[in-house]
Protein chains: 2
Amino acid sequence: MHDAREVVVLRYGHRPGRDDRMTTHVGLTARALGADRVIFPDNAGQSAETVRDITDRFGGPFAVELREDQKAIVRDFEGIVVHLTMYGERVQDVEEEVREAVGLDGSDGTDGEASTPRDLLVVVGGEKVPWALYERADFNVGVTNQPHSEVAGLAVFLDRLFEGAELDREWENADRRVLPEATGKTVVDAGEEVAGDDDAGTGDDPAPADRD
Amino acid sequence: MHDAREVVVLRYGHRPGRDDRMTTHVGLTARALGADRVIFPDNAGQSAETVRDITDRFGGPFAVELREDQKAIVRDFEGIVVHLTMYGERVQDVEEEVREAVGLDGSDGTDGEASTPRDLLVVVGGEKVPWALYERADFNVGVTNQPHSEVAGLAVFLDRLFEGAELDREWENADRRVLPEATGKTVVDAGEEVAGDDDAGTGDDPAPADRD
């Protein structure tokens, strides 16, 4: 989402079948809420297909990668590593420090106050993660210290990281676009003019619940 | 979370087996991020058990209900109904209006400026929801107009609704509590004093990924 810095989400661990849906939702959430790329374990090909298909239809840029070397990705990442875990420091206590570490403080650098942009890897655990990840992470962050959902934790973390700016993102190379409205389900061709298109494409339901 | 107002999350629709994990995560996210109660369809008994078990161990108050009359719950709800949908109005455009509608504007009423507290029903769709829901809802709200995850949408909506106050919630009647820390996995008895307990309970891993 930001030219000078890449925000990458790594889904750590994946059990085919059992985790397909959660892994897909991690990828779709990463895309929708401002990350530039998601990395799945190489046994999560089905989830990767779904996220790529959504990106083809609803736009990008957003990259999906399958990699087998999860440990090495974390160990060798040149930038800041945030590990989302219920055992971590409270997100409300460390979010400003994370923003400073990657240069998301200040107003996009226009006032010269922002720190240097650095890449950010956000690690989202699935099955048990190795202790080395806690040690390598620059920040272990808890979106509450309660057990809930890695998808929920990722969503709140990204929304706070970008301070809501991700919600105003524009999408490139989209086939279609949903028009926000008080009561309706309107999908238009992405290039289409908005006026008078109330009858376009409403029969299509691309909700992720139907995608896997 | 707020005495004068109940925030209820309704999971609309559930396919046993296929949706168990998503429905569980909707319930755990509702609990962790400040809702008072979740209502599941009556065929989601397994998810209800998991959420109740987490509440028993990590505290409440938080209620889990199984109901068969989803349509009636929405139709007859005495309060404000928010339906989370990718077709809805942009959350950043309507969140203040939602807060005003339920009396979450102003600073807890201490300055006399807050509106009257009203109960809030947040509807999270699973399988296709009926058109009547779009019409009954006081607000159809999109956390982005992109397809992603109902769990992510619920998380961002609740965090914005409560403006982060839900993260400071204190839990009652908990058996155990996670201590937030930079590097560690420390769980203590909920009544225990914090000093010098670094060796307590670290063998326990209550992550929701292991719960179903």
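Preceding this paragraph is the structure being described.
In short, a report on the structure. (Residues numbered from 1 in each chain as written. Chains lettered and ligands numbered in written order. Predicted model: local features only at pLDDT ≥ 70, side-chain atom pairs only at ≥ 80, totals over all residues. Heavy atoms only, no water.)

### Focus on the environment of F58(B)
All names here are of chain B. Following the sequence through the fold, F58 ends up in helix α2 (residues 45-58). Classification of F58 as buried rests on a relative accessible area of 1%. F58 sits 115 residues away from N173 along the chain, and the two C-alpha atoms are 7.8 Å apart. (Helix = DSSP H or I, 4+ residues; strand = E, 2+ residues; numbered from the N terminus. Buried < 20%, exposed > 50% of the residue type's maximum accessible area, 1.4 Å probe, protein only.)

### Regarding the relation of the copies chain A and chain B
Mapping chain A onto chain B calls for a rotation angle of 180° and an axial translation of 0.0 Å; the resulting RMSD is 0.0 Å. Classification of the inter-copy transformation places it as that of a two-fold axis. Measuring from the rotation axis to each C-alpha of chain A, the shortest distance belongs to A152(A), at 2.3 Å. (Least-squares fit on C-alpha atoms with pLDDT ≥ 70 in both.)

### Side note on the sheet that holds strand β4 (residues 80-90) of chain A
All names here are of chain A. The six strands are arranged β3-β2-β1-β5-β4-β6 in an open sheet whose pairing can be described as parallel. Two strands bound the open sheet, and with one partner strand each, they are β3 (63-67) and β6 (139-142). Neighbour-to-neighbour, the strand axes of this sheet turn through a mean angle of 30°, independent of strand direction. Pairing of β4 with strand β5 (residues 120-125), which is carried by five bridges, proceeds in the parallel orientation. Residue pairing across strands places H83 opposite V123, the latter belonging to β5. Running over the sheet, helix α4 (residues 91-102) touches β4, β5 and β6 and is turned about 175° from β4. Against the sheet, helix α6 (residues 150-161) touches β1 (7-12), β4, β5 and β6, its axis set at about 160° to β5. (Pairing = 2+ DSSP bridges. Axes fitted to C-alpha atoms, helices over the stretch in contact; angles between N-to-C directions. Contact = heavy atoms within 4.5 Å.)

### Thoughts on the pairing of strand β2 (residues 37-41) of chain A
All names here are of chain A. Counting buried residues along β2, five of its five residues qualify, which places the element largely inside the surrounding structure. In this sheet, β2 lies alongside β1 in parallel orientation, the contact comprising three bridges. Note on β2: the bridge partner recorded for V8 is R37. Following the backbone out of β1, through helix α1 (residues 20-32) and into the adjacent parallel β2, one traces a crossover that is right-handed. Pairing between β2 and β3: five bridges, direction parallel. For P41, the partnering residue across the bridge sits in β3 and is R67. Each parallel crossover has a hand, and for β2 linked through helix α2 (residues 45-58) to β3 it is right-handed. (Right-handed = clockwise from strand over helix to strand, strands pointing away.)

### What to know about the sheet that holds strand β6 (residues 139-142) of chain B
Residue and element names in this part refer to chain B. Here six strands make up an open sheet; going across it, the order is β3-β2-β1-β5-β4-β6 and the pairing parallel. At either margin of the open sheet sits one strand with a lone partner, and together these are β3 (63-67) and β6. Going across the sheet, the axis of each strand differs from the next one's by a mean of 30°, ignoring polarity. Direction of pairing for strand β1 (residues 7-12) relative to strand β5 (residues 120-125): parallel, over a ladder of six bridges. Directly across from V9, in β5, lies its bridge partner V122. The strands touched by helix α4 (residues 91-102) are β4 (80-90), β5 and β6; relative to β4, the strand with the most contacts, the crossing angle is about 175°.

### Quick notes on the interface of chain A and chain B
At the interface, 61 residues of chain A touch 61 residues of chain B. Surface buried jointly by chain A and chain B totals about 5300 Å² across both partners, of which 57% is contributed by carbon and sulfur atoms. For chain A, the biggest contributors to the area lost against chain B are Y87(A), P147(A) and L167(A); these three give 14% of the whole. Counting the contacts that link chain A with chain B gives six salt bridges. Between R90(B) and D168(A) there is a salt bridge, with the nearest N and O atoms lying 3.4 Å from each other. Applying the counting rule to chain A against chain B returns 22 residue pairs in polar contact (both at pLDDT 80 or more). For the side of chain A that touches chain B, the class distribution of residues is 27 nonpolar, 15 polar and 19 charged. (Buried area = accessible area lost by both parts, 1.4 Å probe. Salt bridge = Lys/Arg side-chain N within 4 Å of Asp/Glu carboxyl O. Polar contact = N/O pair within 3.5 Å; in protein donor to acceptor, adjacent residues only side chain to side chain. Nonpolar A, V, L, I, M, F, W, Y, C, P; charged D, E, K, R; others polar.)

By themselves these figures say nothing about function.
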